[in-house]
Amino acid sequence: MSFTPFEPQADARPRAIKILIAGGFGAGKTTLVGTASEIRPLRTESGRSSYGRAIDGPIGVDSKESTTVAMDFGRVTLPNNVMLYLFGTPGQRRFWFMWDGLARGAAGAIVLADTRRLPDCFGAIDYFEQRGTPFVVAVNCFDSAPRYGEARVRVALDLDPGVPIIMCDARSRESVIQVLIAVVAHALRLNGSFA
């Protein structure tokens with residue numbers, strides 16, 4: 001059965017949809033999951049070590065004291081009893097080995113971008129393109145970050161024309177819900193329905 005989460009449905013049985021949130025270190029993935037989640041989010045954060053600081057680099061994240069080492073998890077319910085299960089991936093390359101397990105069964109993904117460090121998105125974009133996972137790019141508009149329009153971001157990230165780009169603020173629930181609706185709608189357009 002095909003459905004759209006935005007139109008009233010006669011059968012409001014729960015539908016569970018798994019969404020991955022990926023992006024570079026310090027892009028705001030943990031914040032996005034925490035902002036959206038209607039339950040207390042699960043976080044697997046650890047303090048940054050001197051070794052980790054040397055590897056991760058300080059550009060734009062020098063004040064960041066913790067890092068996700070496994071995943072973030074949250075849940076949000078959209079209209080028509082559509083439940084999104086959110087899995088935030090670790091951003092550092094040394095933890096990418098966990099992505100395959102986290103991605104299993106995902107209907108779609110969000111690549112969270114920071115305009116101060118756009119190249120940090122390439123790994124996540126490549127990952128989802130290679131696996132055929134529908135994804136959107138959400139540009140997290142940090143207060144101190146330069147602002148670029150959708151066209152410039154698309155060129156900088158070499159995105160296909162069909163990949164949605166959304167400007168957002170990971171601290172704003174309304175903004176994050178719009179990103180989540182966009183990824184669900186994009187996945188429905190590409191796949192027709194969710195199993």
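Residues numbered from 1 in each chain as written. Predicted model: local features only at pLDDT ≥ 70, side-chain atom pairs only at ≥ 80, totals over all residues. Heavy atoms only, no water.

1. Describing the overall build of the protein chain
Item 1. Assigned secondary structure in the protein chain consists of six helices and seven strands.
Item 2. Mapped from its N terminus to its C terminus, the protein chain presents α and β elements in the order β-α-β-α-β-β-α-β-α-β-α-β-α.
Item 3. For the protein chain, the proportion of its 195 residues judged to be buried stands at 51%.
Item 4. Once local pairs closer than 6 in sequence are excluded, the contacts in the protein chain between residues at least 24 apart make up 71%. (Helix = DSSP H or I, 4+ residues; strand = E, 2+ residues; numbered from the N terminus. Buried < 20%, exposed > 50% of the residue type's maximum accessible area, 1.4 Å probe, protein only. Contact = heavy atoms within 4.5 Å.)

2. Brief notes about the nonpolar core
Item 1. In this structure, Leu 84, Leu 86, Ile 110 and Leu 180 are the most contacted members of the largest nonpolar core, which totals 28 residues.
Item 2. Taken together, the elements giving at least two residues each to this core come down to strand S1 (15–23), helix H1 (29–36), strand S3 (66–78), strand S4 (82–88), strand S5 (108–113), strand S6 (135–140), strand S7 (165–168) and helix H6 (173–191).
Item 3. Ranked by residue count, the leading element in this core is H6, at eight residues.
Item 4. The next biggest cluster of nonpolar side chains, apart from the first, holds 25 residues, and it includes Ala 113, Ala 124, Phe 135 and Val 163. (Core = buried A, V, L, I, M, F, W, Y, C linked by side-chain atoms within 4.5 Å.)

3. A short note on unusual backbone geometry
Item 1. Of note in this structure, Asn 81 is not a glycine but carries a positive phi near 60°.
Item 2. Following the sequence through the fold, Asn 81 ends up in the loop between S3 and S4.
Item 3. Residue Asn 81 is classed as partly exposed on the basis of its relative accessible area of 29%.
Item 4. In this model, Asp 158 sits at a positive phi of 55°, which is unusual for a non-glycine residue.
Item 5. Tracing the sequence through the fold places Asp 158 in the loop between helix H5 (150–157) and S7.
Item 6. Its relative accessible area of 64% is what places Asp 158 among the exposed residues.

4. Some words on the pattern of salt bridges
When the charged atoms of two side chains lie near each other, side chains of opposite charge can form a pair.
Item 1. Applying the stated criterion to the full structure yields eight salt bridges.
Item 2. Arg 117 serves as the salt-bridge partner of Asp 114, at 2.8 Å between the closest nitrogen and oxygen.
Item 3. When its relative accessible area of 2% is taken as the criterion, Asp 114 is described as buried.
Item 4. For Arg 117, a relative accessible area of 8% gives the class buried.
Item 5. A salt bridge links Arg 117 to Asp 120; the nearest nitrogen and oxygen atoms lie 3.0 Å apart.
Item 6. Among the charged side chains, a salt-bridge network with shared partners connects Asp 114, Arg 116, Arg 117 and Asp 120. (Salt bridge = Lys/Arg side-chain N within 4 Å of Asp/Glu carboxyl O.)

5. Points about the environment of Gly 149
Item 1. With respect to the secondary-structure elements, Gly 149 resides in the loop between S6 and H5.
Item 2. Placed 17 residues apart in sequence, Gly 149 and Ile 166 show a C-alpha to C-alpha distance of 9.9 Å.

6. A closer look at the packing of aromatic side chains
Item 1. All told, the structure shown has four aromatic pairs when counted by the stated rule.
Item 2. Seen from their ring centres, Phe 73 and Tyr 85 are 6.1 Å apart, and the 15° between their planes marks the pair as stacked. Here Phe 73, found in strand S3, pairs with Tyr 85, found in strand S4; they are 12 residues apart in sequence, far enough to count as distant.
Item 3. With relative accessibility at 24%, the residue Tyr 85 sits in the partly exposed group.
Item 4. Taken together, the aromatic side chains of Phe 73, Tyr 85 and Phe 87 make up a single cluster linked through ring pairs. (Phe/Tyr/Trp six-rings, centres within 6.5 Å; stacked < 30°, edge-to-face > 60°.)

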